[in-house]
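Per-entry structural report
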Amino acid sequence: MVRTRFAPSPTGYLHIGGVRTALFCWLFARRHGGQFLLRIDDTDVQRNVEAALAPILHGFRWLGLDWDEGPEVGGPHAPYFQSQRQHRYQQAVAELLARGAAYRDYATAEELQAEREQAQAEKRPFLYSRRFMAETPADCARFEAQGRQAVVRLKMPREGSLVINDLVRGEVVFEWAREQDHVVQRADGTCLYHLASVVDDYDFQITHVIRAEEHLSNTPRQVFIAQALGYPLPAYAHLPYVAEPGSKNKLSKRKLDKYLKQRDFAQVYEHGLAIARALRLEAAAETFNPVVVDFYEQVGYLPEALLNYLLLLGWSLDDKTEFLTREQMIANFSLERVTRASASFDPKKLWAFQDHYMQQLPLAEKVERMLPYLVRAGLLSRPVKEEDRALLERVVIACGERLKVLGDILNYGDFFFREWPEYDMGAVAKQLGKQRARELLLRFVEGPLETEPFTAEALEQAMQAFVAAEGVKVGDVIHALRVAVTGKTIGPGLYDCLAILGREACRQRIVRAVELAGKPVG
RNA sequence: GGCCCCGUCGUCUAGCCAGGUCUAGGACACAGGCCUUUCACGCCUGCAACACGGGUUCGAAUCCCGUCGGGGUCACCA
């Protein structure tokens, strides 16, 4: 039985690179009919784990990455929080000590630092002298009499080498003599991550440790711990990490400012920001950040688009396949086809996947999923009336492929749901600034707007007749008309807008816009 | 700096293990054009890569060696 795990720290947000790793773990487990678990690595955080964990679990659920064991779902190996498993780690430390694979060390931070500096001065690799290693109770007593406190260190081999057969990278060789005597238990008795991780992987019967490449160089010490404890070794697979747009540095949520200088990244961010404003979200930098998964849910990306994009960031089926359903992903995933080089996150490509999936979404589904956005923006209230739902359906049809994310309904269709449009005053000034334009609009109200029936087709014909009679071009009136009834310069076909809004609303808006433009600003 | 990993268009990648069918394929982005009442879409065209240098071979993106470049990691963080 294949068992994989993803082990997030409760930080309050789900990093896009983390999700990619989790996705690969999940896919590998599902591909082999195995299980995927979630373990919370909170050995060092004393913050409110509950609150910081919620957004992460929420993200997993949103993406449909279900876990067989872990927080909230429990399981036979509970608890799945490292903070609650300290006794197990301490047990393991005692065993390590008993077997001579670890020792108590009484060196102070300063003494250690001095050794490091000396090694550096002599240009040789640092290796702790084990000067304050205590191997007997008498040693301990002597050091403690000096007021020293002990940590527990691994007694790493100083000869030979270790070959790791990484499922992504192949054979990787490490010299034991380059490995430090890492601390596994702090002076206060609490245990550290590497020890905890190995113990948990054993207790949870993890068969495949699939994680980011940054852990590759941590592997020797973990192998050492596992072997010293007599645990069978899991298979290892180190995935390349997700890099910044346009560079090979690891993607970091703290560098948003830097990424925003990149055009593509900025575009996607700005677009999301417009939606966030319409939703009156506090665009807190913490989660409103394209490096954080929350961002995509908030502005209305589809989980399948994000998953598909992330899958192809470091994995490919062949030279052609771009779109895979969840089932196809599971059926085809393999670690052999994972790339070895890190891959830059490209928000524009994600956008393209999103576009694709959005256009695939059935009309009824779009309506259903866009409704909450209108509600949250305060444009519709619950319970949603049937007529509003019908209106939304017409609007969605009219908007067509302009809707790229669910939240786009607010960018393109808000004015259908407001009493008055929010006028873009720059556009008003430009399109309605001239007396002549305003006169034309008013005559439009008296003429074409009286058309019967009040349909897009009829209105278009009436417009043709109107401009011919006025001796102007369609363009001379249509742009001003759009701004007058929608408040903005972008949007669905104008005649569709007019027809959906209805005669009376159009009349009122045109009159109002003309007044607005006719008056001096202020 | 030590150790480890990586290196095909701007980006994601196919091809590499089993050398020739690769004048290197696809996608995103970009540029130009068409369509057009805005925006978006669509259509057409274009731009663009085997990091470099040596080998091996009839033949190398593919194998070997070296160089260079990029990244990761070196905590009583995870």
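Data block above holds the structure.
Residues numbered from 1 in each chain as written. Chains lettered and ligands numbered in written order. Predicted model: local features only at pLDDT ≥ 70, side-chain atom pairs only at ≥ 80, totals over all residues. Heavy atoms only, no water.

Here we look at the nonpolar core
Membership of the largest hydrophobic core comes to 130 residues, with the highest contact counts inside it found for Phe60, Phe345, Ile409 and Ile510. It is helix H1 (residues 16-31) that provides the largest number of residues to this core, a total of 10 residues. The next biggest cluster of nonpolar side chains, apart from the first, holds 34 residues, and it includes Val93, Leu154, Ile206 and Leu216. (Core = buried A, V, L, I, M, F, W, Y, C linked by side-chain atoms within 4.5 Å. Buried < 20%, exposed > 50% of the residue type's maximum accessible area, 1.4 Å probe, protein only. Helix = DSSP H or I, 4+ residues; strand = E, 2+ residues; numbered from the N terminus.)

Topic: the pairing of strand E6 (residues 161-166)
Side-chain direction in a regular strand flips from residue to residue, so the side chains alternate between the two faces of the sheet. Every second residue of E6 is oriented toward a common face, the buried set being Leu162, Ile164 and Asp166 and the non-buried set Ser161, Val163 and Asn165. Here six bridges tie E6 to strand E7 (residues 170-175), and the two strands are oriented antiparallel to one another. For valine 163, the partnering residue across the bridge sits in E7 and is valine 173. Between the end of E6 and the start of E7, which pair antiparallel, lie three residues. (Pairing = 2+ DSSP bridges.)

Quick word on the environment of valine 299
Relative to the assigned elements, valine 299 resides in helix H10 (residues 293-299). It is 5.2 Å that separates the C-alpha atoms of valine 299 and glycine 407, two residues lying 108 residues apart in sequence. Excluding its chain neighbours within four sequence positions, the residues that come into contact with valine 299 are Gly272, Ile275, Phe288, Tyr373, Val405, Leu406 and Gly407. (Contact = heavy atoms within 4.5 Å.)

A word on the sheet that holds strand E3 (residues 102-105)
In spatial order, the strands read E4-E3-E5-E8; together these four strands make up an open sheet with antiparallel pairing. This sheet does not close on itself; its edge strands, each paired only once, are strand E4 (133-134) and strand E8 (183-185).

Re the packing of helix H15 (residues 386-399) against helix H21 (residues 494-501)
Packed helices, taken two at a time, are described by their axes: the angle between them and the distance between them. Where H15 meets H21, the closest approach of the two axes is 10 Å, and the angle between their N-to-C directions is 175°. Taken together, H15 and H21 sit at an angle that is classed as roughly antiparallel. Residues Leu391, Arg394, Val395 and Ala398 of H15 form the contact with H21, whose own contacting residues are Asp496, Ala499 and Ile500. Considering only residue class, the contact of H15 with H21 consists of five nonpolar, no polar and two charged. (Axes fitted to C-alpha atoms, helices over the stretch in contact; angles between N-to-C directions. Parallel < 35°, antiparallel > 145°, perpendicular 65-115°, else oblique. Nonpolar A, V, L, I, M, F, W, Y, C, P; charged D, E, K, R; others polar.)

Let's talk about the side chain of histidine 77
Turning to its location among the elements, histidine 77 is positioned in the loop between helix H2 (49-63) and helix H3 (86-98). For histidine 77, a relative accessible area of 19% corresponds to the buried category. Look past the residues within four positions of histidine 77 in its chain and what remains in contact with it is Arg3, Glu69, Arg85, Asp203, Phe204 and Gln205.

Some points on the state of the cysteines
In a disulfide, the sulfur atoms of two cysteines are covalently bonded to one another. Under the definition given, this model contains zero disulfides. In this structure cysteine 497 is not part of a disulfide, and its nearest cysteine sulfur, from cysteine 399, lies 7.5 Å away. (Disulfide = S-S within 2.5 Å.)

Let's talk about unusual backbone geometry
Each neighbour pair has its own omega, and for alanine 78 with proline 79 the value is 5°, a cis peptide bond. Its location among the elements puts proline 79 in the loop between H2 and H3. Backbone torsion omega between glutamate 452 and proline 453 reads -5°, so that peptide bond is classified as cis. Here proline 453 is to be found in the loop between helix H18 (435-446) and helix H19 (456-470). Positioned with a positive phi, arginine 130 is a non-glycine residue whose angle comes to about 60°. In the Ramachandran plot, glutamine 205 falls in the positive-phi region, its phi being about 55° despite a non-glycine side chain. Along the chain, glutamine 205 turns up in the loop between helix H6 (193-203) and strand E9 (208-212).

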